[in-house]
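Residue-level listing of the chains:
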Amino acid sequence: MTRLGKGLSALIKNEEIDHSVQGSVNSVKIELIQPNRYQPRKVFDLEKLQDLAQSITENGVIQPIIITQLDDNKYELIAGERRLEASKLAGLTEIPAVIREATPREKLIFAIIENVQREDLSPLEEAKAYHQLIEEFELTHSDISTIMGKDRATVSNTLRLLKLPQVVQDMIDRKEITSGHARAILQVSVELQEEFAEFIIKNHLSVRKAEEAVNRYSKSKPVHIAQKPIYENEELYSIEANLKKHFGKNVKIKPKAKESGELIITFKSRKELEEIINSFMSNM
């Protein structure tokens, strides 16, 4: 937390956060603890969570979570969601916790800092967390940069991911493309972004290759991928186009290492499958 320095004043204004979280440790029933409403992370790495659960089974919860008491004798988590979820996996019914008062600002700060500073968030989750700081607390990109200890350009580039079409954002969440690929995709016109993202995935382009490919896409006049192939083996695109004409079906060629690859012909019914088989047989 020390790397945040005076930047927290941009978010807390005249309030103070005690990062040492002074207070006694209590054993609290897990069923009484609800998630932090400001938690930016939506997806957990199950394998890592299971590893933590195993550690908790063997050694217990070493560091208590931080919670705040609600009016209905229940609690809201402030920090320590991975420990809480792993404890549930480990079969614990109670967990050590420090109970303290917290404002909405503090809850959001703890949730974001705990995840972003530990690099636990996906690029989109991080972008949404920053957006939440802007919308709910009227912070600027510079404020967030100071608070999080990151360059302003890094914060701005992360926020730009939210401008991508939802289909492309889903590709990032599925880790089919990286945030580096996404920055390249943002350089092409909006109507071509989804197509360009699919092209990157299909051809296994590195970030550098994707950046080089940006100039092959016209921002004023969309050009279909098949018209200007970028993949090294352009002959495959011609073969793919001919197969589509022959079968009248959804045909795709997925090149792999060296000269290997996959030929995929999609059909929607038994009748279409039989037509494809008959077409093959008639040409043998």
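It should be noted that the structure appears before, not after, this text.
Residues numbered from 1 in each chain as written. Predicted model: local features only at pLDDT ≥ 70, side-chain atom pairs only at ≥ 80, totals over all residues. Heavy atoms only, no water.

1. Describing the sheet that holds strand S2 (residues 33–34)
Okay, so step 1: The strand order across the open sheet formed by five strands is S1-S5-S3-S4-S2, and the pairing between neighbours is mixed. This sheet does not close on itself; its edge strands, each paired only once, are strand S1 (25–29) and S2.
Okay, so step 2: Pairing of S1 with strand S5 (residues 94–99), which is carried by five bridges, proceeds in the antiparallel orientation. Across the sheet, asparagine 26 pairs through a bridge with alanine 97, a residue of S5.
Okay, so step 3: Together, S2, strand S3 (65–69), strand S4 (75–79) and S5 form the strand contacts of helix H3 (residues 81–89), whose direction differs from that of S4 by roughly 120°. (Pairing = 2+ DSSP bridges. Helix = DSSP H or I, 4+ residues; strand = E, 2+ residues; numbered from the N terminus. Contact = heavy atoms within 4.5 Å. Axes fitted to C-alpha atoms, helices over the stretch in contact; angles between N-to-C directions.)

2. Remarks on the environment of lysine 88
Okay, so step 1: Structurally, lysine 88 can be placed in helix H3.
Okay, so step 2: Separated by 57 residues in the primary sequence, lysine 88 and glutamate 31 have C-alpha atoms spaced 9.4 Å apart.

3. Comments concerning the packing of helix H5 (residues 123–137) against helix H6 (residues 141–148)
Okay, so step 1: Put simply, H5 and H6 touch, their axes get as near as 10 Å, and they point 125° apart. Here H5 is positioned oblique relative to H6, judged by the angle of their axes. Once H5 is placed against H6, the crossing between them reads as right-handed. Of H6, the residues touching H5 (which contributes Tyr130, Leu133 and Ile134) are His141, Ile144 and Met148.
Okay, so step 2: Split by residue class, the contact of H5 with H6 holds five nonpolar, one polar and no charged. (Parallel < 35°, antiparallel > 145°, perpendicular 65-115°, else oblique. Left-handed = near helix turned anticlockwise from the far one by under 90°. Nonpolar A, V, L, I, M, F, W, Y, C, P; charged D, E, K, R; others polar.)

4. So, the side chain of serine 145
Okay, so step 1: In this structure, serine 145 sits in helix H6.
Okay, so step 2: By relative accessible area, serine 145 is classed as buried at 11%.
Okay, so step 3: Sequence-distant contacts of serine 145, that is, excluding residues within four places in its chain, are made with Lys150, Asp151, Arg152 and Val155. (Buried < 20%, exposed > 50% of the residue type's maximum accessible area, 1.4 Å probe, protein only.)

5. Digging into the nonpolar core
Okay, so step 1: The biggest cluster of nonpolar side chains holds 21 residues, and the ones touching the most others in it are Leu164, Val168, Ile172, Ile177, Ile185, Phe196 and Ile200.
Okay, so step 2: Among the secondary structure elements, those contributing two or more residues to this core are helix H8 (166–173), helix H9 (179–185), helix H10 (190–202) and helix H11 (207–213).
Okay, so step 3: Looking at this core, the element that brings in the most residues is H10, giving five residues.
Okay, so step 4: Apart from the residues within four sequence positions on either side, valine 168 is in contact with Ile177, Ile185, Gln193, Glu194 and Ala197. (Core = buried A, V, L, I, M, F, W, Y, C linked by side-chain atoms within 4.5 Å.)

6. Here we look at H5
Okay, so step 1: Relative to the 21 Å expected for 15 residues at 1.5 Å per residue, H5 spans 21 Å between its end C-alpha atoms, a close match to the ideal helical length.
Okay, so step 2: In the segment just after H5, glutamate 138 is the residue with positive phi, at about 55°. (Expected span 1.5 Å × (residues − 1).)

7. Details of unusual backbone geometry
Okay, so step 1: Here lysine 175, not a glycine, exhibits a phi torsion of approximately 65°, which is positive.
Okay, so step 2: Relative to the elements of secondary structure, lysine 175 occurs in the loop between H8 and H9.
Okay, so step 3: Among the residues examined, lysine 175 registers a relative accessible area of 72% and is labelled exposed.
Okay, so step 4: Of note in the backbone geometry, histidine 204 takes a positive phi value of approximately 55° without being a glycine.
Okay, so step 5: Structurally, the position occupied by histidine 204 is in the loop between H10 and H11.

8. Describing the environment of isoleucine 95
Okay, so step 1: By secondary structure assignment, the location of isoleucine 95 is in strand S5.
Okay, so step 2: You can call isoleucine 95 buried: its relative accessible area is 0%.
Okay, so step 3: Between the C-alpha atom of isoleucine 95 and that of valine 61, which follows or precedes it by 34 residues, the distance is 7.2 Å.
Okay, so step 4: With residues near it in sequence (within four places) discarded, isoleucine 95 still touches Asn26, Ser27, Val28, Ile30, Ile33, Val61, Ile65, Arg83, Leu84 and Ser87.

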